[in-house]
Amino acid sequence: MWETYYSVNSISEALALLDEYQETARIVAGGTDLILELERGQRPTVNTIIDITRVAGLDQITLHGETIRLGPLVNHNHVVASELILTRALPLAQASWEVGAPQIRNRATIVGNLITASPANDTITPLIALGAQLTLASVDGERTVPLREFYSGFRQTILRPNEMVTAVTFPALAENERGFFMKLGLRRAQAISVVDASVVLGFDESDAVTSARMTLGSVAPTIIRVPVAEQALIGKTLTPETISETARLASLTPEPIDDVRGTAEYRTEMVKVLIARILRQLAQDTIDAGIPDNPPMLWGDNHATVKIGLAETLKHTGDTPIETTINGTPVEINTGQHKSLLHWLRDDAKLPGTKEGCAEGECGACTVFLDGAAVMSCMVHAPRAHNAEIVTVEGLRDDEQLHPIQSAFIQESAVQCGYCTPGFLMSGAKLLEEIDSPNQEQINYSISGNLCRCTGYYKIVQAFQEASKAKQKS
Ligand SMILES: Cc1cc2nc3c(=O)[nH]c(=O)nc-3n(C[C@H](O)[C@H](O)[C@H](O)COP(=O)(O)OP(=O)(O)OC[C@H]3O[C@@H](n4cnc5c(N)ncnc54)[C@H](O)[C@@H]3O)c2cc1C
Ligand code: FES
Ligand code: FES
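Residues numbered from 1 in each chain as written. Chains lettered and ligands numbered in written order. Predicted model: local features only at pLDDT ≥ 70, side-chain atom pairs only at ≥ 80, totals over all residues.

Q: What's the story with the overall build of the protein chain in this structure? I'm lost.
A: A count of helices and strands for the protein chain gives 16 helices and 20 strands. Referenced to the eigenvectors of the C-alpha coordinate spread, the extents of the protein chain come out at roughly 70 × 55 × 45 Å. The proportion of buried residues among the 474 residues of the protein chain is 49%. Taking the contacts inside the protein chain whose residues are at least 6 apart along the sequence as the reference set, 68% of them involve residues at least 24 apart. (Helix = DSSP H or I, 4+ residues; strand = E, 2+ residues; numbered from the N terminus. Buried ≥ 20, exposed ≤ 12 C-beta atoms within 10 Å, placed from the backbone. Contact = placed C-beta atoms within 7 Å.)

Right, dumping it as structure tokens:
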């Protein structure tokens, strides 16, 4: 899949390597897009991976005057947990909340989402509506590009082979501005957008619209704005008539394709529905953001991307040992460097408890803890395990004592064929570490990345509830 894997410990080293390897190299952040593209042979020229996830400080969300800045390792869970984004850039928080499931959001970055450039990628619509810019750096210097000009076609960007994105910046919403993002997927988690939309409006004292930016995703080769609908709002208040007419105008612009997720006709109709729903939300004094209080993140206590740094840049080729700690035991393994962490754990570390259900990040059977956060191990390159801490289902028990979630699964008979069980146990253990007494909604969200083909969900949820009670008693 790849020949050489660098783990760099500074941006300047990443830029030097990009300059040296050009089209044959790619940066990896969360890896949730890149690992699949490499496995599917969609990047035939790429044989060198440059991992930036050991560079400290790149996961910061900061406010500079009235400008918000995201570093290149800000992931979707960082955004959902950020009070700054929730209060000053709500559409981005809503979009990040809709991405994948907790294990995906713990690794997947905003920058990775922007660069993959699918018209269905959720954070592009809000960031264009918010007026975002990208900072692109190379050994030759920096340039700043408006996000809407970054896309040159379907899944294409103007990023040069020797460049990386070092920041996303955008104005924080002012007091007279409100914004909202909405997505239609075929299910409530792990769903690609059939249509998504963002609207950012400015208002005067009489609640008339003074500025409007409206973006649509998944209805054209790139994210589009709808100027006719935007213009129609200027000077108007959000009455039911205005809302309905604006939604109609917004649905005239796109010419979507038919695909497995929806017909063009359905998508066009859904644009109307989403825009009307968004405008009704923006017309109210209190917006229902749709993000629950204290959502389960499955990321433990330390939310920094870099928990264990590297003394120096590492180069992994076919025979460089991976030295790491698994279930509290230091190990050094000389094989499997080109595999995913899932396959490396099963084949080379000889820990078969972690299961492969889909190898696409969809089922959660491969969930492990990487440096304290639950992740899908099929989405992680094995060399990322070097100098890290990994916990697999084999490490959940404490000496001879089963973890409360394991005991509860036995007590509640929450196992049928058992194939999904290791993944559910890992999600459950991390949830209970994070929230002592999770409610039904929090339990449901915590397992939104875990699929059970035997569909034993009632028993599984009961086991989660029992484990929480047992934990409180102990
Ligand atoms: C199961 C599953 C569910 C998903 N659900 C959703 C969803 O609901 N909505 C959605 O929008 N997406 C979804 N995705 C897609 C994916 O998770 C996101 O696009 C994610 O944000 C990508 O970020 P990453 O850090 O993992 O990117 P990576 O895979 O690390 O990188 C993606 C691309 O960006 C490049 N890159 C990354 N960082 C930089 C940088 N700083 N400079 C230059 N190049 C860089 C890489 O070289 C690569 O080409 C899903 C993926 C999976 C597997
Ligand atoms: S999510 Fe990794 S095997 Fe299914
Ligand atoms: S118990 Fe069989 S897949 Fe869940």
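Structure shown, so let's carry the discussion forward.
Q: I keep staring at the environment of L233 and nothing clicks. Help me out?
A: By secondary structure assignment, the location of L233 is in helix 9 (residues 227–233). Separated by 106 residues in sequence, L233 and K339 place their C-alpha atoms 53 Å apart. Each residue touching L233, except ones within four places of it in the same chain, is listed here: V209, A212, T242 and T246.

Q: Looking at this model, I keep getting lost on the sheet that holds strand 14 (residues 224–225). Mind explaining?
A: Hydrogen bonds between backbone groups are what pair the strands of a sheet, and the pairing can be parallel or antiparallel. Strand order in the open sheet made by the four strands is 11-12-13-14, with antiparallel pairing throughout. Both outer strands of the open sheet, strand 11 (177–184) and strand 14, are each paired with one neighbouring strand and no more. As paired elements, strand 11 and strand 12 (residues 195–203) share eight bridges and run antiparallel to each other. Across the sheet, residue K183 finds its bridge partner in strand 12, namely D196. Contacts from helix 11 (residues 264–283) reach strand 11, strand 12 and strand 13 (209–217), with the element oriented near 35° to strand 12. (Pairing = 2+ DSSP bridges. Axes fitted to C-alpha atoms, helices over the stretch in contact; angles between N-to-C directions.)

Q: I'm lost on the sheet that holds strand 4 (residues 61–64) in this one. Help?
A: With antiparallel pairing, five strands are arranged side by side in an open sheet as 4-5-10-6-7. In this open sheet, the two edge strands, each paired with only one partner strand, are strand 4 and strand 7 (141–146). Between one strand and the next, the sheet's axes are offset by a mean angle of 25°, whatever the strand orientation. Across four bridges, the pairing between strand 5 (residues 67–70) and strand 10 (residues 164–171) is antiparallel. Residue pairing across strands places I68 opposite F170, the latter belonging to strand 10. Those strands touched by helix 1 (residues 11–21) are strand 6 (133–138) and strand 10, and its axis lies near 125° from that of strand 10.

Q: I tried to follow the domain arrangement of the protein chain on my own but got confused; where do I start?
A: The figure often quoted for interface size is the accessible area lost as the parts come together. Taken domain by domain, the protein chain consists of domain 1 (57–283) and domain 2 (322–473). Inter-centroid distance (C-alpha atoms) of domain 1 to domain 2 is 33 Å. Between domain 1 and domain 2, the residue contacts involve nine residues of the former and 12 residues of the latter. Of the residues contributing to the side of domain 1 that touches domain 2, the split by class is four nonpolar, four polar and one charged. (Domains from an automatic or database assignment. Nonpolar A, V, L, I, M, F, W, Y, C, P; charged D, E, K, R; others polar.)

Q: Would you mind showing me how to read the site of ligand 1 here?
A: The environment of ligand 1 is formed by 31 residues, the closest being G30, A108, G112, N113 and G361. Broken down by secondary-structure element, the contributors of at least two residues to the shell around ligand 1 are strand 2 (25–28), helix 7 (110–116) and strand 10. If you tally residues by element for the shell around ligand 1, the top one is helix 7, at five residues. Classifying every residue of the shell around ligand 1 by side-chain character gives 13 nonpolar, 11 polar and seven charged. (Near = placed C-beta within 6 Å.)

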